[in-house]
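Commentary on secondary and tertiary structure
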Amino acid sequence: ISLDSAENENIMLVNVKAAAGYPHNLQDVEWYQQLPAFDIPLPEYRNATHRGFQIEGDSMLPNFRPGEWVLGKAVPTIEEANNNRVYVVVLHDSVLVKKLQKLPDLSKVLLISLNEEYLPIEVNINDVQELWQVNSKLTFDLDSLSESGLLKQLQESMEELKSEFRTFKH
């Protein structure tokens, strides 16, 4: 935990490069002190421990793009996690951002990518070192294809399919 001068808890940021060593440095206070930290003076970031992680790869497209940052709230136990919410899952050898699904076998969870090209990953609960429920993100690529641009593309595709369907019917 990092505190500012007024004894308020800071949000530490773990970039892609730091994430590679994050699982191995969980007990190393000096390592944590090297991470950038900041405070967001909003009620959503009070009375809980938060951490920021940078997205790497395309497994969570379209919601989370490479280079964006997700901010997550600490979840003390897997029992407190909610199905179908996005979490930063810290395993012994990696840091993943995935949608979580609890399984009937309570010793395992399913980690699901939003990008359907990636298969779900079944993980033993004992392999989960930390869990952070993602509640917001920071993005800096506002010029890329926006949600409204995606919507327009979908509408154009639908119109194209409708016209093809009409010609097929006749």
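Structure's up top.
As the structure is a computational prediction, the values presented were derived from the model and not from experiment.

1. Let's talk about the packing of aromatic side chains
Across all of its chains, the model carries five aromatic pairs by this definition. Between Y22 and W31 the ring centres are 5.9 Å apart and the planes differ by 65°, which places this aromatic pair in the edge-to-face class. Residues W31 and Y32 carry aromatic rings whose centres are separated by 5.7 Å and whose planes lie at 80° to one another, so their mutual orientation is edge-to-face. Across the pair, exposure class does not vary: W31 and Y32 are buried alike. The residue whose ring lies beneath K98 is Y118, and the NZ or CZ to ring-centre distance is 6.0 Å.

2. A short note on the environment of H50
Note that H50 resides in strand 3 (residues 50-54). Given the relative accessible area of 2%, H50 is considered buried. Sequence separation between H50 and I11 is 39 residues; the distance between their C-alpha atoms is 5.4 Å. For H50, the contacting residues outside a window of four places in its chain are E9, N10, I11, M12, E44, Y45, G72, K73, W132 and N135. At 3.4 Å, the side chain of H50 and the backbone oxygen of A48 are in polar contact. A polar atom in the side chain of H50 sits 3.5 Å from the side chain of N135.

Rules and cut-offs
- Residues numbered from 1 in each chain as written.
- Predicted model: local features only at pLDDT ≥ 70, side-chain atom pairs only at ≥ 80, totals over all residues.
- Heavy atoms only, no water.
- Phe/Tyr/Trp six-rings, centres within 6.5 Å; stacked < 30°, edge-to-face > 60°.
- Buried < 20%, exposed > 50% of the residue type's maximum accessible area, 1.4 Å probe, protein only.
- Lys NZ or Arg CZ within 6 Å of the ring centre and 35° of its normal.
- Helix = DSSP H or I, 4+ residues; strand = E, 2+ residues; numbered from the N terminus.
- Contact = heavy atoms within 4.5 Å.
- Polar contact = N/O pair within 3.5 Å; in protein donor to acceptor, adjacent residues only side chain to side chain.

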